[in-house]
Each structure stands twice: as C-alpha cells, then as structure tokens.
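Okay, here's what each chain looks like letter by letter:
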Amino acid sequence: MKRRAAFVGMGLALTLAGQAQASNGRYPGLGMDYSTAIQYDFSSLDVPHQPHTVTTNGYFDITTAVHFRLTTIDEIWVGSEISPVTDTRPGERRWLGGTGLNITDVNWYHQGYVSSFRLGKFDVPFGRAQDAAPGLYTSDFVAPYALGGMNGGTYEYRFFTDNWGTIAPSLSLYAADTSVLSRSFLRPSQQARRSDGGATNTGKLNNAAVVVNWRAPAAIPYLEVQVGYMTNHKGDVSAASPTAANEQMRVASVRYMIPFVATTDLGPTLAGRYLDLVPFVEYVKVHNENGVPGFDTKYLTTSLTFDAGRFAYGLTHTNKQISPSGGPRSNEYLTEASMVYHVTGLVDLALSGGRSRQGGQTSGLLGISITLNGSF
Amino acid sequence: MCRRRPLRAIALVLLACLAGAALADPPADDLRPPREFTYDANGVTTVTLVAAKSKILVGNTPYTSLVFNDDYDAPLIRTRPGGTVRLALDNRMDEMTNLHFHGMQVSPLDDGDSIFRTTGPHEVGKYVLRLPDDHSPGPYWYHSHFHDGAEHQVSGGLAGPILVDGIKDQFPELKDVRERALVLRNFQKTFTGSLASEIVTGAPSIRTINGQFQPTIRIRPGETQLWHLFNIAANQYFRIRIDGVHMQLLSQDADTVVKQVDVDEMLIGPSARVSILVTGPAPGSYPLTLGSANTGPAGDTYAGALLGTLVSSGEPMRTVAITSAYPAVRDLRKVTPAHRRRFIFQDSDSDPNAFFINGRQFDIGRVDTTVKLGDVEEWTLVNPSQELHQFHIHQLDFQVTKINGKDIDFIGYRDNVFIPALGSTTVLIPFTDPVILGKFVYHCHIMEHEDGGMMQVIQVVRPEEYDEAVKLEPLGGIYGDNQMCTYLRNTGGKALTPPSNASRPLGPEPGGRP
C-alpha cells in the first residue's frame, strides 16, 4: 500500500511535470538545500563503583533536500541524510564510523493559498520539541514521538481571522516505511519488514495524527500553541512483538517569544544588538509507547532560548516518566545547556553540554559541531 | 538615446572651458556613472532593455549572469514629472520575466506598471508609463517582478535605476551641485562562474557601486554633492557609514523630506533609496563602510565590507546649504482613516521557504484586499517572526506613524519600511490618486520572502464599484489582469480615465472629509 501511495504520488507529480512548459520561467526546475555538519560527541557513563566509561564519536551529518519544482506551488521533495546509522558501544572511540545514507523524505509537496499537503514519505507534524528546543541531543531524546519517514500523507488548512489569529488544523494518515527506502545505503543494512512489529508498522494508512497549531492574534502576539492527538495501530503480532498493542499520544505545547529591546530604529537589529527570550514547554503523554503494551510514558520538555545577535544560548530539560503497568515508575531525563555562534551567514558553531539518565545509567554529555548550510 | 555619462560630463567640461569656467576634468579613477536613457524635448524617454544571459564583469570578476544590455551595471532611465517612458523589454532569455517600476505613481492598467503581465522567452514586452505632472522627483528603480523568479533574476542583474528629475527645482540653490547615482547591489559568489541557481542571502557576495568594486568617489573639500543611493539588491540591507563626513538626508524613496535631517549612517533596506547631500571633508581618504547585518535569529547574517573610498582633494569649494523652504506635505495623521486593517507577516512553521500574510500564500488569481479610491487607510503590519520583513506597496507612498507602538517623527512619505522582528509598524496610506485605479500588490521586499508567498493583491476601485469588486475578489477582482476590456466586462461601467498627466485626487480632499 505504501509503495502504491508513493508511486501514485510520483505518477501525479510526473503528470504535472509533463504539463509544465519550458517557457514557464524556472519551472520545472531543480534546487537543493544542504546542511553539512561535523560533530564530535563525548559521553561519560557513570556506573556506581566502577571507573567512568568514556565514549567518543566524531562524524559527519549531511542532510540534503532536493526540490524538483513543478510549479510555483508544487514540488517533489527528496530528502536524505548521511550520518552514523549504528550506535557506538560503551567505551568505543569512533571516528567516521557506522556511516550510512538514509532517504528521509520523498513526497509531493503542495503549498496552496490557505492549505498545504505532502504525499509520500514524510515527517509527521506532531510535537515541536525536536525543532523548537535548543541543544544537540533533545531531538534524539524525544524521537519516540517525533515520527519521521512515514509513508502516507498530511493535509493542513489555515484559518485566519483578525480576532483569532491563525488556526491551522492538520490531519496525517500514514504507516511505517517497509519499502526499499527504509534501509540504509552505503553500508550493509536490512530493509524494514512488517514482521519487525512496532506501532505504525501496519502496511495500511490506519495510523492518524490530528494536530491544531494556533498562532495567536496581534492582541496576544508571539504566542504559539499546539495540541494534538495521535493513534497508531499495533504492527503484526510476531515473534519479535508477541504482545503488541495500539499506541496513543497526546501533545500540548506552548511557545512564547519576548523581544526585550522594542526599538523604533532599524540599526540595533542590523547590528545584532537585540535580545529575544523564548520559553517553550511541551507535554506529551504516550500510551503503549512504540506498541509495547503497558509501557506508558510522559514527556515534559521545558526550554529557554536567549537569542542575542550572533549568539543563541539555550537551556533545555526533558523529563520522561515511565509507568509500566505492574512495574515501578521511573524517570529518565536529559538536561543540556547549549550555545550557537553564527560565524557567518552560512556557518554555525554549536556547543552543548549536559547530563542524561537513560536505561538506569547516567551520562555526562559534551558535543561540538560546525555546520555549513547552503543551497545549490 | 543611450549614452555614457562620461561623454556628457566631457561635453559639459568642454562647454564650461569655452565659457571660461574653472571646471576640472573628472579624474579617470572617479566612480563611473551608469549608462543613461534620457528624455527628448517632448519629455519622452525611449528605452530598450535586452534581458539576456551574458558574460559580464561583476566588479573585476567575470561571471555569466542574467542582465540588461550585456552589462551588470544596468542603464539608468531618466525622466521627469509629466514625462513619458516608452520601454521595450526584449526578453532573450529562456525564461519568463516582467518589469515593475518601483515607487512610481503611474497607472497599473493596460501597458502600464502591471506585474500581472509577463514577457515570455524570446518575446518583446511593451510598457508605457505616463508620469503625472506632479510626480515626485528622485530615485526609483525597475526590476523583474516575475513571481517565484524575482529573487533569482534581480540577484543576477535584472534591475536598474530610474531618476525622475526635479529635485533641484525644489531647491534651486542646488542647481550647480554635482549629482551622482550610486547603485548598490550584491552578487552571490559561486565557484562555477555563473549566477547561483539558488540565492542564499548570507552567502559571500561581491558588493558593488554602479557595478564597480570598491571605486573611488572624488569630491573637493567643502564641495556639496547630491548623491542618489539605490538599493537594488534582492535581499540585503545596506548600512553605510562615512566617518568624518557630513551628510544631510534630502529624500527617502524619492519623497523629499519636510525638514532638515542630518544623518551619520544610512540604513537602506531592500528596495529603498535615499538622496543625500554630501559635504567634502578635509583633504584625505574616507572609506565608505558597509556594516555587517543581522536580520534576526530566524533571519540572515552577512558580513560587512568596504564599498568604496571617498577622496577629498583639490581646491576647496563653497558649501551649498539648503535655503529654500522644504515642500509642504500633508501630514496624514490629521485625517481620520476610512478603514483600519491589520496584516500579519509570518514565516511558516514547517517550511523555511514559505511565507504568509494573514495565513495566506500569494495567489495571483485572487484579490485579497479591496479599497475605495479616495480613502486614507491605516494599516498595522505585525511581524510575529524572529526576522525582519520589509513592507512595500506598489503605485503609491505612505506615511509611517508608529513602529513598535511608538510614534514616529514625520519627515516625509516613503514606499517601503521595515517591520521589526517580533514587532509592528503602522502606516497611513492615501488611496487618493486616480492614477492608481487598478490592481497591484503589497509584499515583503526581501525577495526571498516575496517569492516564498509573502505578497497579496489589492484592487483600488471607484466607490460605486466597491460591492461588485468585493464579490469578484476570489475570481481576480474587477480588473482581471489590469486590462480595460476585462474591467468593462466585469462592471459594465465607463472606461477609467485617470486625468492625463495629473494626479489630482478624485472627489473632495481626504483632509477635508472629517
């Protein structure tokens, strides 16, 4: 089904491409955005009564988004990422190891007058911490509910009124990708299979997310709210997941932006003499996380970002409360302090340090990355 | 009538020498003025712009780019109030294009300043602009306004300056003052030697004045020169300083200021123009420095640069001061707005290349706002994004009254203004000149945002046609693509006959309505 959806999307796109005329300016046309980062992670695992285990990992993370422009409002997006696709072992000192190529997006993207949709392989627009919270590691920590690389479609409609601001409900229908695009390239890897189990691995578009984004009107400026509900069917019951269960999630987040220097002059902004404070809170409640029966979790991410000219400073704390049915409740967390310096318009230097507790183990984290952004 | 200004300068020098005047030949290393199309005895400027992919020099660096008339330094179109510009756009590119005449108060109808018309590859488009007799003098510019291709084409070179004569008529004491056009632009560096396929505002670029890299601009100590600075870059702000040099602002966006305004730094946003009086300092060299810019946490960062050098040398000259009265311009704050509207200029949450106004993407087939001719409206422009936006509306000028809720001193009208990141700008717009009847657009003039959808369509209609025009908004309004025949079909009314060569308000003066 998902293959068929992808092929239908490509077929429609090619049909549109066939209708476009060479005289229509830059359409059809091709463009590419890229981000090339080199990152070095240093983690120190604290195990009681044992020496610290230090793991280091240096790697490239190269993401690209190729846009095949069909018209001014229709594109085919092909996204890819070259990065480590295998985890480091505790104590390993790795440099450029485990690298593979993943196809992250292949979709027909339409951005219309008051609505937009994607059809194909896409990231489900649910939750904001993965993008809105500062730091190098939070996006991985909240990955269980930030579903990427799903096959299906998402549709958003934007209502706007002067009194209510922008209210943008969206509906996404999708299933986990088990096509050839689910494997990693450039290294030995396996294609995902239906028998792997897990939530959303159903082969049908019977998994859904409904999200409402609200951007407040000018009377309450700079306030953004998201609420959403996601329901994912369990995958096939198999040896890998003999007691799978359906998964449900609820999300609510608030982001507010506070400019500290409200000036009538343009000069201070251009000179980078501004300070914006951006608090962000997101709460996500998950029932049967990843289709594991009784594995209920709650994520609470709180962050504060200071944007000050070429610098951005961030503090993020995510607490994950795990409440397995019949088992003791436990907490995991990630706390990180980060700093980004915009070296030029294309180059960012990021530094992040913090502490995490996952799987009963506590680690210290330190990472540095240099990123080159650009387009062709 | 195309010629290089040096020829004209040399001719003037010869004439001056014959007359016994003590004028010196401009040094060879002085800033070269742009080529120029100027008007004939009837006030008609006939222009041919050939848009083609050409091998050109950007400063001193060879590139292949999209330019007019085989030159990165596009020709200057000179006209005058009451004049006519007849322009042929000869498109020899393999892509569509069109032209907008930025800031000019001319009709958008038929063969006028309409962005709804395009010129196909290897076709010739015709434009006829009739300037009202009271058209404001000063610097304007022309550029591609082809939707979703404008940023690319303007970055490549499909833009150039327009100068409407007459500012010296407002200030006769400036009659003998040397006038210069300084056309500012930036060109994105590439490894391929060709125009970048994707424009990245923060990428390294070559900043030029009149296509020249770090030119010398000569002045004598005490001399007064009138400089018209045009920012015709696609996206960038120019923050220019000449330490130790006195500068006086004479007009912004070709709207003469209403009082003396001294400046030590020029902040010229995308699409903005300023006219300044520069006084020659003590002998020496003075760098024109371009400050680095940061347009907000979600915006762009680009480096500063040396733009050129002002060299003061030679015999001292007498400084010319403004002695004439500044023009009287109606302060619109005395008018009760007929309508108050709010526009939210916002970035997309999910697509860095998508931008909205009031949640809507630009749709060339619809009308978003309908306004009655004769009304003065107050628009509050709100920016909930963490980056600057730059508001511009076609065909007319407006008055900025508040930024971030604070009152702004009135120094004159303008046709573009920044909207602060996480802030707001309030403007009063007089939709009073019958010459603007028709359909046009307002948008963010950071062309990356404009191409990304931050643009809307407005129709200005006669009051009796308002209800019909609102009904037809989803279908493109009463003017169709600004063709008179469509207008007549949609309204069954009389043909629009804006007063020829005059911009008289229709009906009673807005100031007299309350």
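Trainee: Give me the lowdown on the overall build of chain A, citing residues and values where you can.
Mentor: Per the secondary structure count, chain A includes four helices and 19 strands. On C-alpha atoms alone, chain A measures out to a radius of gyration of 22 Å, which is about the 21 Å that the 2.2 N^0.38 rule sets for 376 residues. In terms of overall dimensions, chain A has C-alpha extents of about 70 × 60 × 45 Å along its principal axes. For chain A, the residues scored as buried account for 48% of the 376 residues in total. Sequence-distant contacts in chain A: of pairs separated by 6 or more residues, those separated by 24 or more amount to 59%. For chain A, the accessible surface area stands at approximately 17100 Å², while carbon and sulfur atoms represent 61% of it.

Trainee: Run through the overall build of chain B, naming residues and quoting values.
Mentor: Helices and strands together make up the secondary structure of chain B, namely six helices and 34 strands. Its C-alpha atoms give chain B a radius of gyration of 22 Å, near enough to 24 Å, the size a compact globule of 514 residues would have. Projecting the C-alpha coordinates of chain B onto the three principal axes gives extents of approximately 65 × 55 × 45 Å. In chain B, which comprises 514 residues, the proportion classed as buried is 65%. Of the roughly 17900 Å² of accessible surface on chain B, a fraction of 52% belongs to carbon and sulfur atoms.

Trainee: Please provide a residue-by-residue account of the pairing of strand β17 (residues 255-263) of chain B, values included.
Mentor: Residues and elements named next belong to chain B. Of the pairings in the sheet, the one linking strand β16 (residues 246-252) to β17 comprises five bridges and is antiparallel in character. Considered in β17, the bridge of Gln252 is made with Asp255. Taking the residues between adjacent antiparallel strands as the criterion, β16 and β17 are bridged by two residues, where Asp253 takes a positive phi near 55°.

Trainee: Kindly report on the sheet that holds strand β15 (residues 238-241) of chain B, identifying the contributing residues and their values.
Mentor: Strand pairs in the sheet, formed through backbone hydrogen bonds, run parallel or antiparallel to each other. All names here are of chain B. An order of β13-β23-β20-β15-β18 is seen for the five strands of this open sheet, with the pairing classed as mixed. Looking at the sheet topology across the chains shown, the edges are occupied by β13 (216-219) and β18 (266-268). Neighbouring strand axes in the sheet, compared pairwise and without regard to direction, differ in orientation by 20° on average.

Trainee: Which residues make up the interface of chain A and chain B, and what are the values?
Mentor: Facing 56 residues of chain A, the contacting portion of chain B comprises 55 residues. Interface area for chain A against chain B, summed over the two sides, is near 4600 Å², with a carbon-plus-sulfur share of 56%. Across the chain A-chain B interface, the total number found is three salt bridges. There are 17 residue pairs in polar contact (both at pLDDT 80 or more) connecting chain A and chain B. Counting only elements with at least two residues in the side of chain A that touches chain B, the list comes to β1 (29-46), β2 (53-69), β5 (99-111), β13 (258-259), α4 (267-270), β14 (276-287) and β19 (361-375) of chain A. Grouping the amino acids of the side of chain A that touches chain B by side-chain chemistry returns 22 nonpolar, 20 polar and 14 charged.

Trainee: Can you lay out the pattern of salt bridges for me, pointing to particular residues and giving the numbers?
Mentor: For the coordinates displayed, the defined rule picks out 32 salt bridges over all chains. When the shortest N-O distance is used, the salt bridge between Arg128 of chain A and Glu224 of chain A registers 2.9 Å. In this pair, Arg128 of chain A is assigned in the loop between β6 (115-122) and α2 (129-132) and Glu224 of chain A in strand β11 (residues 223-232), connecting sequence segments 96 residues apart. Each member of the pair Arg128 of chain A and Glu224 of chain A is classed as buried. In this structure, Lys175 of chain B engages Asp176 of chain B in a salt bridge whose closest nitrogen and oxygen atoms are separated by 3.7 Å. Of the two residues, Lys175 of chain B and Asp176 of chain B, neither departs from the other in class, the shared state being exposed. Ionic contacts of the salt-bridge type, sharing partners, join the residues Arg128, Arg215, Glu224 and Arg255 of chain A together with Asp349 of chain B into one network.

Trainee: Break down a nonpolar patch on the surface for me, with residues and values.
Mentor: Residue and element names in this part refer to chain A. A cluster of nonpolar side chains, contributed by Tyr40, Phe42, Phe60, Trp95, Leu96, Val343, Leu349, Leu351, Leu366, Ile368 and Ile370, occupies part of the molecular surface with about 940 Å² of accessible area. Looking at the nonpolar patch, the elements with two or more residues in it are β1, β18 (347-358) and β19. For the nonpolar patch, the leading source of residues is β19, giving three residues. Inspection of the secondary structure puts Val343 in the loop between β17 (330-342) and β18. Judged by its relative accessible area of 34%, Val343 is partly exposed.

Trainee: So what about helix α6 (residues 484-491) of chain B? Which residues, and what values?
Mentor: Residue and element names in this part refer to chain B. Three or more residues of α6 are buried, namely Met484, Thr486 and Tyr487. One side of α6 holds all its buried residues, which, seen down the axis, span an arc of 160°. Of the exposed residues in α6, those oriented more than 90 degrees away from the buried face are Cys485 and Arg489. Looking one or two residues past α6, Gly492 carries a phi angle of roughly 65°, positive in sign.

Trainee: Any chance you could break down the sheet that holds strand β33 (residues 438-444) of chain B for me, citing the residues and the numbers?
Mentor: Residues and elements named next belong to chain B. Ordered in space as β26-β34-β33-β28-β31, the five strands form an open sheet in which the pairing is mixed. Of all strands in the sheet, those bounded by a partner on one side alone are β26 (369-372) and β31 (416-419). In this sheet, adjacent strand axes meet at a mean angle of 25° when their direction is disregarded. Sheet analysis places strand β28 (residues 389-393) next to β31, joined by four bridges and oriented antiparallel.

Trainee: Explain the side chain of Thr64 of chain A to me, and be specific about the residues and the numbers.
Mentor: Note on placement: Thr64 of chain A falls in strand β2. Residue contacts for Thr64 of chain A: discarding those within four places in its chain leaves Met32, Asp33, Tyr34, Val78, Gly79 and Ser80 of chain A.

Trainee: Any chance you could break down the environment of Ser271 of chain B for me, citing the residues and the numbers?
Mentor: Residues and elements named next belong to chain B. Mapping Ser271 onto the fold places it in the loop between β18 and β19 (273-279). Spatially, the C-alpha atom of Ser271 lies 9.0 Å from that of Tyr237, the residues being 34 residues apart in sequence. In this structure, Ser271 is in contact with His102, Trp141, Asn231, Asn416 and His445, ignoring residues within four places of it in sequence.

The rules behind these values
- Residues numbered from 1 in each chain as written.
- Chains lettered and ligands numbered in written order.
- Predicted model: local features only at pLDDT ≥ 70, side-chain atom pairs only at ≥ 80, totals over all residues.
- Heavy atoms only, no water.
- Helix = DSSP H or I, 4+ residues; strand = E, 2+ residues; numbered from the N terminus.
- Rg over C-alpha atoms; globule rule 2.2 N^0.38 Å.
- Buried < 20%, exposed > 50% of the residue type's maximum accessible area, 1.4 Å probe, protein only.
- Contact = heavy atoms within 4.5 Å.
- Areas by Shrake-Rupley, 256 points an atom, 1.4 Å probe, with all protein chains shown as cover.
- Pairing = 2+ DSSP bridges.
- Axes fitted to C-alpha atoms, helices over the stretch in contact; angles between N-to-C directions.
- Buried area = accessible area lost by both parts, 1.4 Å probe.
- Salt bridge = Lys/Arg side-chain N within 4 Å of Asp/Glu carboxyl O.
- Polar contact = N/O pair within 3.5 Å; in protein donor to acceptor, adjacent residues only side chain to side chain.
- Nonpolar A, V, L, I, M, F, W, Y, C, P; charged D, E, K, R; others polar.
- Patch = residues over 30% accessible without salt bridge, like charges linked within 9 Å, V, L, I, M, F, W, Y side chains within 5 Å.
- Arc of directions from axis to C-beta.

This is a description of form; function is not addressed.
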